[in-house]
Amino acid sequence: MMSDIAFMTQADSRYLDANQRSIEWVLSRSHDEPWINTKFNPIELRDYSIEDALRGPGFVYGWIQGRALESLIQHARSLAVDDPLLSSSLLARCRVLYKALDDLHSEHDHACFCYDRNMTPVVTGSQFTGQAQRRSPRIRTYSDLFVVKGLIAASALLAPECLERHLSSLEIIIQAIDNDHFLMDESGHIDHEALQRQEKDFGPRMIALGAASLLHSLDLPHRDHFSKRFVQDVLEQHAHANSGLISNAPGGAVLNAGHAIELIGFHLETWGNALPDRVIATLSRLLAGTFNSAFDGSGLRLTIDLATRKSCSNLSPWWSLPETIRAASLAFELTQDPQFLQIWQAADKAFFENFWLGSPPLAVQMMRDGHAVDIVPATPDLDPGYHTGLSLLAARGVCQRRLLTSTTH
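Residues numbered from 1 in each chain as written. Predicted model: local features only at pLDDT ≥ 70, side-chain atom pairs only at ≥ 80, totals over all residues. Heavy atoms only, no water.

Asks: Break down the overall build of the protein chain for me, citing the residues and quoting the values.
Replies: The helix and strand tally for the protein chain stands at 13 helices and 14 strands. In terms of C-alpha radius of gyration, the protein chain reaches 20 Å, essentially the compact-globule figure of 22 Å for 409 residues. With the C-alpha coordinates of the protein chain rotated into their principal frame, the extents come out at 55 × 50 × 45 Å. Split into buried and exposed, the 409 residues of the protein chain put 60% on the buried side. Long-range pairs, those at least 24 residues apart, make up 69% of the contacts in the protein chain between residues at least 6 apart in sequence. Accessible surface, the protein chain: about 16500 Å² in total, of which carbon and sulfur atoms supply 51%. Across the protein chain, 35 positive and 48 negative side-chain charges occur, with their mean positions spaced 2 Å apart. (Helix = DSSP H or I, 4+ residues; strand = E, 2+ residues; numbered from the N terminus. Rg over C-alpha atoms; globule rule 2.2 N^0.38 Å. Buried < 20%, exposed > 50% of the residue type's maximum accessible area, 1.4 Å probe, protein only. Contact = heavy atoms within 4.5 Å. Areas by Shrake-Rupley, 256 points an atom, 1.4 Å probe, with all protein chains shown as cover. Lys, Arg positive; Asp, Glu negative; His and termini not counted. Charge placed at Lys NZ, Arg CZ, Asp CG, Glu CD.)

Asks: Can you explain the sheet that holds strand β14 (residues 371-372)? Please cite residues and give values.
Replies: Pairing is antiparallel in the open sheet, where three strands are placed in the order β12-β13-β14. The open sheet terminates on both sides in strands that have one partner only, identified here as β12 (315-317) and β14. (Pairing = 2+ DSSP bridges.)

Asks: Please provide a residue-by-residue account of the sheet that holds strand β9 (residues 254-256), values included.
Replies: Spatially, β9-β10-β11 is the arrangement adopted by the three strands of the open sheet, whose pairing is antiparallel. The sheet is open, and its two edges are formed by β9 and β11 (310-311), each paired on a single side. Sheet topology places β9 next to strand β10 (residues 303-305); three bridges connect them, and they run antiparallel. Note on β10: the bridge partner recorded for Asn-256 is Thr-303. Contacting β9 and β10, helix α9 (residues 257-271) runs over the sheet at an angle of about 60° to β9. (Axes fitted to C-alpha atoms, helices over the stretch in contact; angles between N-to-C directions.)

Asks: Which residues make up the pattern of salt bridges, and what are the values?
Replies: Taken as a whole and assessed by the stated rule, the structure comprises 27 salt bridges. In this structure, Arg-140 and Asp-109 form a salt bridge, with 3.8 Å as the shortest nitrogen-oxygen distance. One end of the pair, Arg-140, is in strand β5 (residues 140-141); the other, Asp-109, is in the loop between α3 (84-108) and β4 (114-115), with 31 residues separating them in the sequence. Look at Arg-140 and you get buried, because its relative accessible area is 8%. (Salt bridge = Lys/Arg side-chain N within 4 Å of Asp/Glu carboxyl O.)

Asks: Could you give me a rundown of the packing of aromatic side chains, with the residues and numbers involved?
Replies: All chains considered together, the criterion is met by 15 aromatic pairs. Both rings, one in Trp-63 and one in Phe-113, keep their centres 5.4 Å apart while their planes meet at 80°; by these two values the pair is edge-to-face. Highlighted residues: Trp-63 in helix α2 (residues 62-82) and Phe-113 in the loop between α3 and β4, separated in sequence by 50 residues. Taken as a pair, Trp-63 and Phe-113 share a single burial class, namely buried. Ring centres of Tyr-142 and Phe-182 lie 5.2 Å apart, and the angle between their planes is 75°; on these two criteria the pair is classed as edge-to-face. Remark: Phe-182 occurs in strand β6 (residues 182-183) and Tyr-142 occurs in helix α4 (residues 142-158); sequence separation between them is 40 residues. Judged by relative accessible area, Tyr-142 falls into the buried class, the value being 10%. A connected cluster of aromatic rings, assembled from ring pairs, spans Tyr-61, Trp-63, Phe-113, Tyr-142, Phe-146, Phe-182 and Tyr-386. Above the ring of Phe-352, the side-chain terminus of Arg-14 is found at 5.3 Å from the ring centroid. Positioned above the aromatic ring of Phe-230 is the side chain of Arg-205, whose terminal nitrogen or guanidinium carbon lies 5.2 Å from the ring centre. (Phe/Tyr/Trp six-rings, centres within 6.5 Å; stacked < 30°, edge-to-face > 60°. Lys NZ or Arg CZ within 6 Å of the ring centre and 35° of its normal.)

Asks: Go over the packing of helix α5 (residues 163-178) against helix α7 (residues 203-217), please, and point to the residues and values.
Replies: Each pair of packed helices can be summarised by the angle the axes make with each other and by the distance between the axes. It is at 11 Å that the axes of α5 and α7 come closest, and there the two elements cross at 150°. Classified by the angle between their axes, α5 and α7 sit roughly antiparallel to one another. In this structure, α5 crosses over α7, and the sense of that crossing is left-handed. Contacts between α5 and α7 involve Leu-167, Leu-170, Ile-174 and Ile-177 from the first element and Pro-204, Arg-205, Ala-208, Ala-211 and Leu-215 from the second. Grouping the amino acids of the contact of α5 with α7 by side-chain chemistry returns eight nonpolar, no polar and one charged. (Parallel < 35°, antiparallel > 145°, perpendicular 65-115°, else oblique. Left-handed = near helix turned anticlockwise from the far one by under 90°. Nonpolar A, V, L, I, M, F, W, Y, C, P; charged D, E, K, R; others polar.)

Asks: How would you summarise the nonpolar core if you had to cite specific residues and measurements?
Replies: Formed by 126 residues in total, the largest nonpolar core has its most connected members in Tyr-15, Leu-69, Ile-152 and Trp-344. If one sorts the elements of this core by residue count, helix α1 (residues 4-28) sits on top with ten residues. With near-sequence residues (within four places) excluded, Ile-152 lies in contact with Leu-163, His-166, Leu-167, Leu-170, Leu-214, Leu-215 and Leu-218. With five residues, the next largest nonpolar core counts Leu-183, Ile-190, Ala-194 and Leu-195 among its residues. (Core = buried A, V, L, I, M, F, W, Y, C linked by side-chain atoms within 4.5 Å.)

Asks: Go over the side chain of Thr-124, please, and point to the residues and values.
Replies: Within the secondary structure layout, Thr-124 lies in the loop between β4 and β5. Taking the relative accessible area as the measure of exposure, Thr-124 reaches 17% and is therefore buried. Not counting residues within four places of it along the chain, the set of residues in contact with Thr-124 comprises Leu-54, Phe-113, Cys-114, Thr-129 and Ser-187.

Written out as structure tokens, the structure reads:
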């Protein structure tokens with residue numbers, strides 16, 4: 001078996017190359033307008049066109065623009081040493097995107113999942129397609145959270161005078177999560193009727209942990225008053241006694257495996273060895289149990305039946321593998337348990353052999369039984385360095401710390 005030093009040396013180089021080429025691809029497609037354009041079919045290797053309806057260029061997804069802004073800023077910060085020219089290009093692009101996204105968010109004090117060519121929020125669900133989206137003012141959504149995270153990341157570097165305003169927006173979103181005013185399904189109208197129908201999934205708390213990680217990376221840990229509480233809530237309220245795993249909703253019997261692993265990775269990234277040993281042990285066990293239940297050799301199955309600990313879906317999205325790379329690399333660093341190095345290596349191998357195209361430098365979005373299928377998991381826009389790139393950045397940090405230690409002993 002390859003030693004951890006040899007593996008991390010190779011992984012560090014591979015992750016840097018994948019991120020650089022992926023970000024260059026994103027930049028190459030977005031010179032003419034404020035919005036990032038990753039509307040590309042990774043199976044047919046073509047741009048989406050107007051004939052592709054909601055996948056086409058006539059629609060802008062606020063969700064993905066927020067992710068793109070956070071991602072490009074974090075990549076710019078990371079590449080300042082490895083590739084200062086690319087870092088400078090990213091910052092220039094982020095200034096344009098930040099201005100457009102801040103203006104859009106400020107107009108209504110919230111963000112929307114999908115906008116038409118006139119930047120009117122529209123419904124994407126099949127029963128409502130094409131309708132202007134109605135919205136109750138007190139409800140917040142994933143789009144709000146992704147956009148505000150992007151605005152915080154960008155303003156900290158490019159517009160510090162605006163940072164407090166965006167941090168206040170994050171506070172409102174955290175309050176909405178606490179008060180059950182956070183709506184997960186944005187395909188219909190954003191109203192209290194939809195809010196009453198949804199289960200109490202841990203997804204909003206999990207994405208909020210990504211905001212906590214961002215705050216810590218920006219030297220704003222004092223603004224994170226929620227991450228430890230959110231994780232404790234999930235571990236207690238969503239515990240599934242028989243499996244030792246967690247369920248999407250309290251008392252439920254199904255788990256989105258990738259979401260559990262993403263939660264673990266965010267929290268380990270946020271707090272690292274400042275976490276109590278018992279919390280590190282709990283999260284590590286949850287990571288191992290979730291991965292071993294969902295991994296089929298080529299990817300992580302989307303959902304797990306907790307009663308049997310078997311997958312109840314034949315679909316595997318791309319994003320759960322890089323999220324596993326993040327979580328497993330951090331778990332290995334904190335525990336030195338070789339099982340997490342093995343999980344890291346398995347996820348690395350599955351992602352780069354099965355999902356990553358290489359040329360162009362992007363991943364297919366979904367597999368069914370090991371074969372790429374034309375199913376869009378969230379937005380048709382391909383990942384702008386968010387799930388894949390930021391996860392690989394976190395793993396690169398583990399690699400570099402380990403390699404530095406090995407050369408000083």
